[in-house]
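# Notes for the structure review
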Amino acid sequence: MRVFSALLVAGVLLSACTATTQTSQQFGTDGKPLPKVYRIRGGDSGKLQFRMLDSVNALRQASGVAPVQLNPQLNAAAATHSRDMSLQNRPWHFGSDGSSPLDRVARAGYAGPMIGEAISETYETEIETLAAWMEDPGSRGVILDPNAANMGFSWHQEPNGKLWWTLVMGG
């Protein structure tokens, strides 16, 4: 009995010495995990644009419309607007200089007709943002417009992680 008691005490003491691992997961007051900031690194630019293009084209194919291709002028118009929304600290379709999406696309040198624009202010990934756009009838209509042939996509990320996404479709 003494040997058993000694082994039991030794086991309890040894278990107290075991290192515990801490997870980096933090929880909110509701007990749910807090979201992690989605950080975009400089070298991820091309990958991100092509991942969005592939996702948009998969949605377009599923809807029976032709795929679109990335267009450098539309990408430039989207990048300009994403930065400008951040400076204005509001997601809306007009620039700080009063420019409309049509103005920005023309300034960027895009010769075709502009179909529409989808914008977002979020901490979510590009795919989560696309899913949210697809839930909105207006943005969904822009993304799936059968007259679209070209797409521009860009973003601006603030130091705190907030993302300003812009997607532009052109004919």
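Every value quoted in this text rests on a predicted model; they were computed, and no experiment measured them.

Further remarks concern the overall build of the chain. Each helix and strand in the chain was counted, giving six helices and four strands. For the chain, the α and β elements follow one another from N to C terminus as α-α-β-α-α-β-α-α-β-β. Counting over 171 residues, the chain shows a buried share of 40%. Considering only contacts in the chain between residues 6 or more positions apart, those separated by 24 or more positions represent 65%. Looking at the chain as shown, the accessible area adds up to about 10,100 Å², and 58% of this sits on carbon and sulfur atoms.

Okay, the pairing of strand β4 (residues 163–170) next. A large share of β4 lies buried, amounting to eight of its eight residues. Where burial is concerned, the two faces of β4 agree: the one with Leu163, Trp165, Leu167 and Met169 and the one with Trp164, Thr166, Val168 and Gly170 are both buried. As paired strands, strand β3 (residues 150–157) and β4 are joined by eight bridges and run antiparallel to one another. The residue of β4 that forms the bridge with methionine 151 is methionine 169. From the end of β3 to the start of β4, which pair antiparallel, there are five residues, and glycine 161 there has a positive phi angle of about 100 degrees.

This brings us to helix α5 (residues 126–135). Here α5 has its buried residues at Glu126, Thr129, Leu130, Trp133 and Met134. When α5 is viewed along its axis, its buried side chains cluster within an angular range of 140 degrees and face the same direction. Contact partners of the buried residues in α5: α2 (45–62), β2 (114–122), α6 (137–143), β3 and β4.

Within the secondary structure layout, serine 82 lies in helix α3 (residues 72–88). Residues within four places of serine 82 in sequence aside, it is in contact with Ser154, Trp155, His156, Trp164, Trp165 and Thr166.

Next up on the list: the side chain of glutamine 88. Structurally, glutamine 88 is set in helix α3. Here phenylalanine 94 takes part through its backbone oxygen, which lies 3.3 Å from a polar atom of the side chain of glutamine 88. Sequence-distant contacts of glutamine 88, that is, excluding residues within four places in its chain, are made with Phe94, Gly95 and Ser96.

On to the environment of tryptophan 155. The topology assignment puts tryptophan 155 in strand β3. Discounting residues that sit within four places of it in the chain, tryptophan 155 has contacts with Ile40, Ser45, Leu48, Gln49, Ser82, Leu163, Trp164 and Trp165.

What follows concerns unusual backbone geometry. Most peptide bonds take the trans form, and the phi angle of most residues other than glycine is negative. Despite not being glycine, asparagine 89 shows a phi value in the positive range, around 55 degrees. Among the structural elements, asparagine 89 can be located in the loop between α3 and α4 (101–107).

Calculation notes
Residues numbered from 1 in each chain as written. Predicted model: local features only at pLDDT ≥ 70, side-chain atom pairs only at ≥ 80, totals over all residues. Heavy atoms only, no water. Helix = DSSP H or I, 4+ residues; strand = E, 2+ residues; numbered from the N terminus. Buried < 20%, exposed > 50% of the residue type's maximum accessible area, 1.4 Å probe, protein only. Contact = heavy atoms within 4.5 Å. Areas by Shrake-Rupley, 256 points an atom, 1.4 Å probe, with all protein chains shown as cover. Pairing = 2+ DSSP bridges. Arc of directions from axis to C-beta. Polar contact = N/O pair within 3.5 Å; in protein donor to acceptor, adjacent residues only side chain to side chain.

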